[in-house]
Amino acid sequence: MRNPNFLFLLPDQHRFDWLGTTPGLGVRTPHLDALGARGMRFTRAVCPSPLCAPSRACLASGREYDRCGVAGNRDDYPRSQPTYYGLLRDQGGYEVVGVGKFDLHKASPIWGVDGQNGLREWGFTAGIDNAGKRDAVGSGAEVPRDPYMAYLHARGLAGVHVADFRARKGYGATQPTPLPEDAYCDNWIANNGLRLLGQLPRNRPWHLVVNFTGPHEPMDITQGMAKWYETVDFPQPHLTPGEAAALAATGLGPAQLLQIRRNYAAMVENIDRWVGAFLQAVQDRGELEQTIVVYSSDHGEMLGDRGLWAKSQPWQPSIGIPLIVVGPGVAAGVRCAAPVSLMDLAATFLDYAGVSRPEDMDSLSLRPLLEARTEAVRPVARSGLHRFRVLSDGRYKLVQGVAPTQAGAAADAETRPLLFDLEADPWEERDIAAQNPAMVARLAAFGMDAS
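Because the structure is a prediction, the values reported are computed rather than measured.

This paragraph deals with the pairing of strand β4 (residues 95-100). The element β4 is extensively covered by neighbouring structure, given that six of its six residues are classed as buried. Pairing geometry for β4 and strand β6 (residues 206-211), over six bridges, is parallel. When the bridges of β6 are listed, V99 appears paired with V210. Looking at chain direction, β4 and strand β5 (residues 126-129) are connected through four bridges and run parallel.

This part takes up the confidence of the model for the chain. Here the chain averages 95 in pLDDT, and 96% of its residues register 70 or above. Taken together, the stretch residues 408-413 has pLDDT below 50 and engages in six contacts with residues farther than four places along the chain or on a different chain.

Looking now at the layout of surface pockets. Sizing a probe to match a water molecule and rolling it over the atoms shows the empty space that remains. The volume enclosed by the largest pocket comes to roughly 640 Å³. Those elements that provide at least two residues to the lining of the largest pocket are β2 (40-42), α11 (316-319) and β8 (323-326). A class-by-class count of the residues in the lining of the largest pocket yields 15 nonpolar, seven polar and seven charged. Estimated volume of the second largest pocket: approximately 230 Å³. Forming the walls of the second largest pocket are 20 residues, and the residues nearest its centre are Y77, P78, R79, E121 and W122.

What follows concerns helix α10 (residues 254-284). Because an α-helix packs 3.6 residues into every turn, residues spaced three or four apart end up facing the same way. When the terminal C-alpha atoms of α10 are compared, their 45 Å separation across 31 residues agrees well with the 45 Å that a helix rising 1.5 Å per residue should span. Where α10 ends, the next residue or the one after it, G286, has phi of about 75°, a positive value.

Reading across the sheet, the four strands line up as β11-β12-β13-β14 and stay open at both edges, with antiparallel pairing between neighbours. One side of each edge strand has no neighbouring strand; the edge strands of this open sheet are β11 (381-385) and β14 (418-421). Within the sheet, the average angular offset between the axes of one strand and its neighbour, ignoring direction, is 15°. Note that strand β13 (residues 396-400) and β14 share four bridges and pair antiparallel. Counterpart to L398 in the pairing with β14 is L419. Each of β12 (388-392), β13 and β14 is contacted by helix α14 (residues 437-444), which is oriented at about 75° to β13, the strand it contacts most.

Going through the model one piece at a time under the given rule, you end up with zero disulfides. Of the cysteine sulfurs around C68, a residue in no disulfide, the closest is that of C58, at 3.8 Å. With a relative accessible area of 0%, C68 lands in the buried category. The thiol of C336 is not disulfide-bonded; the next cysteine sulfur, from C47, is found 18 Å away. The buried category is assigned to C336, whose relative accessible area is 9%.

Inspection of the secondary structure assignment puts D17 in the loop between β1 (5-9) and α1 (30-38). Sequence spacing of D17 and G320 is 303 residues, and the spatial spacing of their C-alpha atoms is 8.2 Å. If we ignore the near neighbours within four places in the chain, the residues touching D17 are T22 and L25.

Let us look at the sheet that holds β4. Pairing between the strands of a sheet comes from backbone hydrogen bonds, and it takes one of two forms, parallel or antiparallel. The eight strands lie next to each other as β5-β4-β6-β1-β7-β8-β2-β9, forming an open sheet whose pairing is mixed. Two strands lie at the open edges of the sheet, namely β5 and β9 (334-336), each paired on one side alone. On average, each strand axis in the sheet is tilted by 15° relative to the strand beside it, whichever way the strands run. Bridge count for β2 against β9 is three bridges, and the pairing is parallel. Bridging across to β9, R41 finds its partner in R335. The sheet contacts of helix α12 (residues 344-353) involve β1, β6, β7 (291-295) and β8, and relative to β1 the element is tilted by about 160°.

A separate point is the pattern of salt bridges. One pass over the structure, following the stated rule, counts 32 salt bridges. With a shortest N-O distance of 2.7 Å, D90 and R89 are connected by a salt bridge. A residue is classified by how much of its surface remains accessible, and D90, at 55% relative accessible area, is exposed.

The biggest cluster of nonpolar side chains holds 63 residues, and the ones touching the most others in it are F8, F42, Y84, L88, L323 and L345. The residues touching F8, leaving out its near neighbours within four places in the chain, are L59, Y84, H207, L208, V209, V210, V294, S296, L342, L345 and F349.

Each value, and the rule that gives it
- Residues numbered from 1 in each chain as written.
- Predicted model: local features only at pLDDT ≥ 70, side-chain atom pairs only at ≥ 80, totals over all residues.
- Heavy atoms only, no water.
- Buried < 20%, exposed > 50% of the residue type's maximum accessible area, 1.4 Å probe, protein only.
- Helix = DSSP H or I, 4+ residues; strand = E, 2+ residues; numbered from the N terminus.
- Pairing = 2+ DSSP bridges.
- pLDDT = per-residue confidence, 0-100.
- Contact = heavy atoms within 4.5 Å.
- 1 Å grid on protein atoms, 1.4 Å probe; cavity = no way out; pocket = protein on both sides within 12 Å on 5 of 7 lines; lining within 4 Å.
- Points joined across faces, edges and corners; volume = space filled by probe spheres on them.
- Nonpolar A, V, L, I, M, F, W, Y, C, P; charged D, E, K, R; others polar.
- Expected span 1.5 Å × (residues − 1).
- Axes fitted to C-alpha atoms, helices over the stretch in contact; angles between N-to-C directions.
- Disulfide = S-S within 2.5 Å.
- Salt bridge = Lys/Arg side-chain N within 4 Å of Asp/Glu carboxyl O.
- Core = buried A, V, L, I, M, F, W, Y, C linked by side-chain atoms within 4.5 Å.

Here it is in structure tokens:
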């Protein structure tokens, strides 16, 4: 029997709980909800680093943050470092295709207007690499340097798009984009992906990764998307009184905070709509039963919770990610709370492809979990960025490198380990390290870095 195909749907900045399965939220993700019902949904998945470039480098290399070679968004993926994409292509015989925001050369604007620069080097057989939302405008306002801005320039739409983005200051800019629906970046990416999917050969296995640019800020949505949630109320950000006062001082009131969340929900639902389109396209090829479908994200989004925005934080809305897997042999309708990392997908794909996992990979295959042969593949999952490190066993979470004042605890002269019980305290408001030294020691024994 031929090895399975892989359809990997990877948006940018989709937080773990912004799904239709979250009670009382109101976001609509029918296709993702159906995927979760057909397969396994990981409820405690984390990213290896809550920032685009290092998280995607960890995924590509199968290495933890401290060993992935990319410390932040000012670093390119090391040219000498292998990728799981290349292993699938060169050892597994896969057609390896990708579209969207790869972010493997975050520091260097080298996409090329055809989006081909670096693809072969990273292990792809075909694809289109485009810039992220801000990077595209910043690099290609006058002369395009990536394929998306080249597309907008060719259609005479670059000027209005650049003017719109330059007018967007912060999250409060929630006005619809002047772009037509088909020129909206995620719609353009999805259509590229569907076209390349249609060109894939049928006599060999394939891996297609679709790197959406949403629901990353800015909060740009189309005119049509703006209507989807105009009457839906979302919960306001979760804030302590002090955080609420600080957030109010920024000028963002309840009405603006609600609109930000409406726009975020619309970007998520738009991606969900394309998830359905890709599933239908694979089914039309007659390959759905031999395809493993994975949905995840490179990191989360604070979305105003704790008075914070974007990512780069150790808190769950920032490091927590959705992770849904469905396909041949995957247990159906299972919610799994085991500690897992986005990075583990590298070894998982290799395992299903029959390719040996390199010894220097930190990634561990999720296949035993997916096939219900074990309850965990690793004791803890790690996340880190710059000075902070996180270790979590799925329930208890240890944070190092963050001042206690940032965790809602009393002021302290120096940083010390913080411990949270995610079941009893999902908003991480109560540091219980002092009361649980044995748990702190147990988690710390796994090391606060990847060494």
